[in-house]
Structures are given as C-alpha cells and as structure tokens.
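What follows is each chain in one-letter form.
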Amino acid sequence: MKYDVIIIGAGAAGFGCALNLGSANDKFDWAKDKKYLMLDDNKSDLNVGRYCNVAGVEFGINGVDLLVKMKNQIKNYPAIELKEEKATKIEKIGNTFKVTTENSTFESEIVVLATGLHKFDIEVDGVVVKDNIFVPKPNLIYLENKNNVIAPNLYVAGLASGVPTMFACASGDGTKVACDIFTQWSGKVAVVHDVKA
Ligand SMILES: Cc1cc2nc3c(=O)[nH]c(=O)nc-3n(C[C@H](O)[C@H](O)[C@H](O)COP(=O)(O)OP(=O)(O)OC[C@H]3O[C@@H](n4cnc5c(N)ncnc54)[C@H](O)[C@@H]3O)c2cc1C
C-alpha cells in the first residue's frame, strides 16, 4: 500500500504531525487525496506519565487517557490510518521509501521519524544516532538533523529531534514538521486554520 507520508511513532509528536496533515485534505487542492499512515509499537512515554502542565489539556490527565483522546481525534480525518506495528527497516528505492514492519511493507514519498528518545532500532541508511545532550538524564538519544530534516523527504519530530522533553514541545515539533511538508507540497508557506462559522 502506498502513502504520501508514513509517520513512525504515535506519541505526542506523531499525533501532532498526523492531525495537522490530515486536517489539510479538505482545505487545499494540493493536499486533496493525500494518505497518511502512522505506525506505532505502543511504547510512548504517555503510557507512564500524568499531565498537569499541558495548556488546554485536562489537569492531571493520565497519559493513557490522553493517548486514547488523540487516537479518537484522528478518526475525524479519514486520510489518517494508525496501525500497531513496529517498523524494522526503511529503504529508499528511487524516490520512494519502503518501510518494513514485523508483518508487512508499506511505501511512501515522505517518512517522519517520531520515535521518541529511548532508542532507535530501525535499520536505515543515513540516520546518525547521538547522545541526547538536550535532556537532564543520561543514556537517551536523538537523531542528528538540521531543522528536522535528516535527508531529503526524511524528517524527524519530537524528542527524537532533540526538543525539550515536554509534551507541548514534542507535539508542536510534529506540527512544525507537518507545516514544513505543506510548504514542500504547495511551494509556499502554508498552515491549516479552522475558523468558526
Ligand atoms: C513519567 C513521565 C512523566 C511525564 N510528565 C510530563 C508532564 O507532566 N508534562 C509534560 O509536558 N511532559 C511530560 N512527560 C514527557 C512527555 O510524555 C514527552 O515529552 C512526550 O511523550 C514525547 O513525545 P514523542 O512523540 O517525542 O515520544 P513518545 O511519546 O515517547 O512517542 C514515541 C513513539 O514512537 C514509537 N516507536 C518508537 N520506535 C518505533 C518503531 N520502530 N516502530 C513503531 N513505533 C515506534 C513508540 O512506541 C512511541 O509510541 C513525561 C514523561 C514521562 C516518562
């Protein structure tokens, strides 16, 4: 199955990216008919956290409940699919990425790595895993990047890109990557805003 964007990781960054991508489809001709796939192996830090300081989010929400809310939120955008599968390998064949999981293979024009800061165990050329010097704890990683870009059409978002380890930073970084993809597709600066009727 071929997608326009595959996002690996469905945590704060992955959902921040996917929700913004999916919200563009019915607003812009250049986004019409685009298809997005999220792949996730359910190890988000949200599974263990409790959230009191995320603006606009219910005080003290259990991270598992926050994940459920985001999973439900993407259902508003039929262009987004979420599959519980661990990505194991990414290959670039011509202009297409082939993403292999434990069960299947998927193809995409663009890949976003939103894999968090614990480890990076996907076999892929050109990704440099570094010690995460932007966090207070040891033995964590980020992926070398320039302004969220690792290589043409290969982006990184969230804690994997080296942002501070706060939900809003990770989610916002995913959103920023979605906007960068919009710019790439439309050839101009683009954002998606809904306006009340
Ligand atoms: C105990 C705890 C408490 C916290 N409390 C707060 C708080 O109070 N306020 C706050 O703002 N932040 C808090 N945080 C931080 C917040 O949870 C993170 O900043 C946020 O979850 C990071 O989002 P992310 O998308 O970058 O990574 P994650 O949410 O960790 O998501 C990464 C996702 O990638 C998936 N993945 C990785 N590799 C693969 C692969 N090969 N294939 C498929 N999927 C893959 C993982 O399974 C995971 O679901 C807390 C964190 C912890 C651990």
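Details of the structure are given in the entry above.
Residues numbered from 1 in each chain as written. Predicted model: local features only at pLDDT ≥ 70, side-chain atom pairs only at ≥ 80, totals over all residues. Heavy atoms only, no water.

**Observations regarding the packing of aromatic side chains**
Put simply, the rule reads: Working definition: rings of Phe, Tyr and Trp (its six-membered ring) pair if their centres are within 6.5 Å, and the pair is stacked with planes under 30 degrees apart, edge-to-face with planes over 60 apart, and tilted otherwise. Numbering of helices and strands runs from the N terminus, with a helix taken as a DSSP run of H or I at least four residues long and a strand as a DSSP run of E at least two residues long. To sort residues, take the accessible area from a 1.4 Å probe on protein chains only and compare it with the maximum for the residue type: under 20% means buried, over 50% means exposed, and anything in between is partly exposed. The rule is short: NZ of Lys or CZ of Arg within 6 Å of the ring centre and within 35 degrees of the ring normal puts a charge over the ring.
Inspection of every chain in the model, using the stated rule, returns six aromatic pairs. For the ring pair Trp 30 and Phe 182, a centre distance of 5.4 Å and an interplane angle of 55° mean the geometry is tilted. In this pair, Trp 30 sits in the loop between helix H1 (12-22) and strand E2 (36-39) while Phe 182 sits in helix H3 (residues 167-186), placing the two residues 152 residues apart along the sequence. Judged by relative accessible area, which is 18%, Trp 30 ranks as buried. Put simply, the rings of Phe 28, Trp 30 and Phe 182 touch in pairs and so form one group of aromatic residues. The side chain of Lys 34 reaches across the aromatic face of Trp 185, ending 4.3 Å from its centre.

**Concerning the site of the ligand**
Cut-off, in case you're wondering: Note on definitions. A residue lies near a molecule or strand when any single heavy atom of the residue is within 4 Å of it. Pairs of N or O atoms within 3.5 Å make up the polar contacts considered here, provided that, within protein, one atom can donate a hydrogen while the other can accept it, and that residues adjacent in sequence are counted only when both atoms are side-chain atoms. Only the protein chains shown count as cover for residues, and the accessible areas themselves come from Shrake-Rupley with a 1.4 Å probe.
Around the ligand there are 33 residues in total, and Asp 40, Asp 41, Lys 43, Ser 44 and Tyr 51 lie nearest to it. Within the backbone of Ala 13, one N or O atom sits 2.9 Å away from an oxygen atom of the ligand. In this structure, an oxygen atom belonging to the ligand sits 2.9 Å away from a main-chain N or O atom of Leu 159. Across the complex, the protein chains shield 85% of the 1000 Å² of accessible surface that the ligand would expose by itself. Put simply, the parts of the chain that give the shell around the ligand at least two residues each are H1, strand E3 (50-51) and H3.

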